[in-house]
Amino acid sequence: MTEAEETAPKDDARHAEKMAKKKAARDKIMATKTDEKGLIVVHTGKGKGKSTAAFGMIFRHIAHGMPSAVVQFIKGGMSTGERDLILARFSDLCEFHTMGEGFTWETQDRARDVAAAQAAWSKAKELIASGDKSMVLLDEINIAIRYDYIDIHEVVEFLKTEKPPMTHVVLTGRNAREELIEIADLVTEMELVKHPFRSGIKAQKGVEF
């Protein structure tokens, strides 16, 4: 028997013992986590994937047969895979409202952008306050807040006082305001390391939309 063959059982035993201790410690921690609540979730940062991660949560809801809704604050009428799939196959479980008319540099009309954002916020409040949606995704709302199309204080006050206790609300977009981060239960900042756009590669179907 080689030296490696002799030490392998000892290594396996040490590994098993180490993992057993980790599991016991983890089980002890998990036993204290018994509460449930509707979360305020923020996906922000300069990196790609904020809306993508949020739609992953929406599709997880759909998979569990739980009612949800999406309100898009900035994206216009451009076809996207997630919207097309939800509208074609899961509209009974997920309402989808594309309220924006595109990015502000495309419309070049602030009054029009403000009106669209305010309409989206009204729809969002309606969906959240109803209490019959387990999750409501407010896609790119942080951009609308950043440009002062929507009052951050109104958003924060509504989420604090009128969101039903078990309704999850997910808010995406760069530059999330500190006031929103303060009241959120879960905040993830996507960090940009590399992006194909910088190498001259355009947005591609199945990746960006």
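This text gives an overview of the structure that appears in the document. Just so it is clear, the structure is predicted and the values come from calculations on it, not from any experiment.

A few words now on the pattern of salt bridges. Counted under the stated rule, the structure contains five salt bridges. Lys-133 is paired through a salt bridge with Glu-95; the nearest N and O atoms lie 3.0 Å apart. Here Glu-95 lies in strand 3 (residues 94-98) and Lys-133 lies in the loop between helix 5 (110-130) and strand 4 (135-139), a separation of 38 residues in the sequence. On the basis of relative accessibility, which here comes to 12%, the residue Lys-133 falls in the buried class. The salt bridge partner of Lys-123 is Glu-126, with a shortest N-O separation of 3.4 Å. A residue pair is termed a helical-turn pair when its members lie 3 or 4 positions apart in one helix, as Lys-123 and Glu-126 do in helix 5 at three residues.

Non-glycine residue Glu-140 carries a positive phi angle of around 65°. Within the element layout of this structure, Glu-140 appears in the loop between strand 4 and helix 6 (141-146). Relative accessible area serves as the criterion here: at 10%, Glu-140 is assigned to the buried category. One non-glycine residue, Asp-148, adopts positive backbone phi at about 60°.

In this section: helix 3 (residues 81-89). Among the residues of helix 3, those classed as buried are Glu-82, Arg-83 and Ile-86. Taken around the axis of helix 3, the buried residues stretch over an arc of 95°, which confines them to a single face. Exposed residues pointing more than 90 degrees away from the buried face of helix 3 are listed as Ala-88 and Arg-89.

Every buried residue of helix 7 (residues 152-161) is listed here: Ile-152, Val-155, Val-156, Phe-158 and Leu-159. Down the axis of helix 7, the buried side of the element spans an arc of 165°, and every buried residue falls inside it. In this structure, helix 7 carries His-153 and Lys-160 as exposed residues pointing more than 90 degrees from its buried face. The inward-facing, buried residues of helix 7 abut strand 1 (40-44), helix 5, helix 6, strand 5 (168-172) and helix 8 (178-183). Residue Asp-151 occupies the N-cap position of helix 7, its side-chain oxygen lying 3.0 Å from the main-chain nitrogen of His-153.

Our focus in this paragraph is the pairing of strand 2 (residues 68-72). Among the five residues in strand 2, five count as buried, and that is most of the element. Burial of the side chains of strand 2 extends over both faces: Ser-68, Val-70 and Gln-72 are buried on one face and Ala-69 and Val-71 on the other. Alignment of strand 2 against strand 4, held across five bridges, turns out to be parallel. If you follow Gln-72 over to strand 4, its bridge partner there is Asp-139.

Contact geometry for helix 5 and helix 7: axes closest at 11 Å, N-to-C directions at 10°. Comparing the axis directions of helix 5 and helix 7 gives the class roughly parallel. For the pair formed by helix 5 and helix 7, the contact residues are Trp-121, Lys-125, Ile-128 and Ala-129 on the first element and Glu-154, Val-155, Phe-158 and Leu-159 on the second. Here the contact of helix 5 with helix 7 is built from residues that sort into six nonpolar, no polar and two charged.

Counting residues in each nonpolar core, the largest one holds 31 residues, and the members touching the most others are Phe-73, Trp-121, Leu-138, Ile-141, Ile-150, Leu-159 and Leu-171. Within the residue set of this core, elements represented by two or more residues are strand 1, strand 2, helix 5, strand 4, helix 6, helix 7, strand 5 and helix 8. With six residues, helix 5 is the largest single contributor of residues to this core. Not counting the four nearest positions on each side in its chain, Ile-141 is found in contact with Phe-73, Trp-121, Ile-150, Leu-171 and Thr-172.

Let us now look at the packing of aromatic side chains. Inspection of the entire model under this criterion finds three aromatic pairs. Plain terms: the ring middles of Trp-121 and Phe-158 are 5.5 Å apart, the flat faces sit at 80° to each other, and that makes the pair edge-to-face. Here Trp-121 is found in helix 5, whereas its partner Phe-158 is found in helix 7, with 37 residues between them in sequence. With respect to class, Trp-121 is no different from Phe-158; both count as buried. Note that Arg-146 overlies the ring of Tyr-147, its terminal NZ or CZ placed 5.7 Å from the centroid.

Reading guide: rules and limits
- Residues numbered from 1 in each chain as written.
- Predicted model: local features only at pLDDT ≥ 70, side-chain atom pairs only at ≥ 80, totals over all residues.
- Heavy atoms only, no water.
- Salt bridge = Lys/Arg side-chain N within 4 Å of Asp/Glu carboxyl O.
- Helix = DSSP H or I, 4+ residues; strand = E, 2+ residues; numbered from the N terminus.
- Buried < 20%, exposed > 50% of the residue type's maximum accessible area, 1.4 Å probe, protein only.
- Arc of directions from axis to C-beta.
- Contact = heavy atoms within 4.5 Å.
- Polar contact = N/O pair within 3.5 Å; in protein donor to acceptor, adjacent residues only side chain to side chain.
- Pairing = 2+ DSSP bridges.
- Axes fitted to C-alpha atoms, helices over the stretch in contact; angles between N-to-C directions.
- Parallel < 35°, antiparallel > 145°, perpendicular 65-115°, else oblique.
- Nonpolar A, V, L, I, M, F, W, Y, C, P; charged D, E, K, R; others polar.
- Core = buried A, V, L, I, M, F, W, Y, C linked by side-chain atoms within 4.5 Å.
- Phe/Tyr/Trp six-rings, centres within 6.5 Å; stacked < 30°, edge-to-face > 60°.
- Lys NZ or Arg CZ within 6 Å of the ring centre and 35° of its normal.

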